[in-house]
Amino acid sequence: MRQLILGGARSGKSRIAQERAEAWREQTGGALYYLATAGAGDDEMRARISTHRAERDSRWQTLEEPVALAETLKQYRDQPVCILVDCLTLWISNCLHQNVWQQERDALLAEVDAQAEANSELAVIFVSNEVGSGIVPLGQLSRDFVDASGWLHQALAARFNTVTLVVAGLPLALK
C-alpha cells in the first residue's frame, strides 16, 4: 500500500491517513509508525506535536526525521510495517532551508521506486498540504516552495495507486 493524501490546512488529511493506517493494521497485524517531519522549533509547534501524539494510541511508534526521509524509509523497506509520513510540505520546507532539496527529493523518489521494484512489504502513507490552488506567491522562496510541492505531488501521484484529496474532512478519491 502506497498512498498520497493531500489537503489544505486543517482539512482532516492527517485523521484520514491515521484511519487508513489503522485499518491496514487490522488487516495485516503489522506495526504502525508515525514519521514526523516537523521539528519542535517554537511553543506553537510543540503544542501541535503534543496534540498529534495524544491523538494516537499505544499501537503507534513515533519516528522523527526532518530531512533524511528516504534514508529512514529505506531502513524499513523489507518489514511489514506501515509508516505514516506527516507531512511532506514541512519536509520540503526543511530541505529548502538546508539547501538539500534536490538531492533529498531525488533520494525519496529513488527509494519509492526501489520499494516498488522489490515488491516491498512496507506500506507508506504520505500526507501533504495542497498549496497549488492559491495565487502565485510574490517571494522567490515561497514560489520555490509551491513549485517543489507541486512537482513532488505529481511525481508521487504518478507512482501510487491511491491519491486522495481531503476537503472539510471529506476524502475525495483522485486515483
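First, a word on what this report is: a plain description of the structure on this page. (Residues numbered from 1 in each chain as written. Predicted model: local features only at pLDDT ≥ 70, side-chain atom pairs only at ≥ 80, totals over all residues. Heavy atoms only, no water.)

Here we come to the sheet that holds strand β4 (residues 81-86). Sheets are built from strands paired through backbone hydrogen bonds, the pairs being either parallel or antiparallel. Spatially, the seven strands line up as an open sheet ordered β3-β2-β4-β5-β1-β6-β7, and their pairing is mixed. The outermost strands of the open sheet, each flanked by one partner alone, are β3 (60-64) and β7 (170-173). Strand-to-strand, the axes of this sheet are offset by a mean angle of 25 degrees, without reference to chain direction. Along the sheet, helix α6 (residues 140-159) makes contact with β1 (2-7), β5 (123-129) and β6 (162-167), crossing β1 at roughly 145 degrees. (Pairing = 2+ DSSP bridges. Helix = DSSP H or I, 4+ residues; strand = E, 2+ residues; numbered from the N terminus. Axes fitted to C-alpha atoms, helices over the stretch in contact; angles between N-to-C directions. Contact = heavy atoms within 4.5 Å.)

Before going further, it helps to examine the pairing of β6. Two elements, β1 and β6, share five bridges in a ladder whose sense is parallel. Directly across from G7, in β6, lies its bridge partner V166. The sheet contact formed by β6 and β7 spans four bridges and is antiparallel. Within the sheet, the bridge partner assigned to V167 lies in β7 and is L170. With antiparallel pairing between neighbouring strands as the criterion, β6 and β7 make up a hairpin whose turn holds two residues, including A168 at a positive phi of roughly 55 degrees.

For the rest of this paragraph, the subject is the environment of L109. Along the chain, L109 falls in helix α5 (residues 101-117). You can call L109 buried: its relative accessible area is 12%. The sequence separation of L109 and L69 amounts to 40 residues, and the corresponding C-alpha distance is 10 Å. Setting aside anything within four residues of it in sequence, one finds L109 in contact with L152, A155, L156 and R159. (Buried < 20%, exposed > 50% of the residue type's maximum accessible area, 1.4 Å probe, protein only.)

With that out of the way, let us pick up the side chain of S11. Tracing the chain through its elements places S11 in the loop between β1 and α1 (13-28). Only 2.9 Å separates the side chain of S11 from the backbone oxygen of G8, close enough to count as a polar contact. (Polar contact = N/O pair within 3.5 Å; in protein donor to acceptor, adjacent residues only side chain to side chain.)

This brings us to the nonpolar core. With 32 residues, the main nonpolar core has L88, L108 and F126 as its most contacted residues. When residues of this core are traced back to their parent elements, those giving at least two are β1, β2 (31-36), α3 (69-75), β4, α4 (88-97), α5, β5 and α6. Broken down by element, the residue count for this core peaks at five residues, all from α4. If sequence neighbours within four positions are ignored, L108 has contacts with L69, A70, L73, L88, W91, F126 and L152. (Core = buried A, V, L, I, M, F, W, Y, C linked by side-chain atoms within 4.5 Å.)

Moving on: the pairing of β4. In regular strands, side chains alternate between the two faces of the sheet. Of all six residues in β4, six are buried, a share of seventy percent or more. In β4, alternate side chains face the same way, and those of V81, I83 and V85 on one face and C82, L84 and D86 on the other are all buried. Pairing of β2 with β4 involves six bridges; the strand directions are parallel. When the sheet's bridge partners are listed, A31 is paired in β4 with V81. Pairing between β4 and β5: five bridges, direction parallel. Its bridge partner being in β5, L84 is matched across the sheet by I125.

A few words now on the packing of α4 against α5. Orientation of α4 relative to α5, taken along the N-to-C sense of each, is 140 degrees, at an axis distance of 8 Å. Classified by the angle their axes make, α4 and α5 are oblique. Counting all contacts with α4, which are made through L88, W91, I92, C95 and L96, the residues of α5 involved are W101, E104, R105 and L108. In the contact of α4 with α5, the residues fall into seven nonpolar, no polar and two charged. (Parallel < 35°, antiparallel > 145°, perpendicular 65-115°, else oblique. Nonpolar A, V, L, I, M, F, W, Y, C, P; charged D, E, K, R; others polar.)

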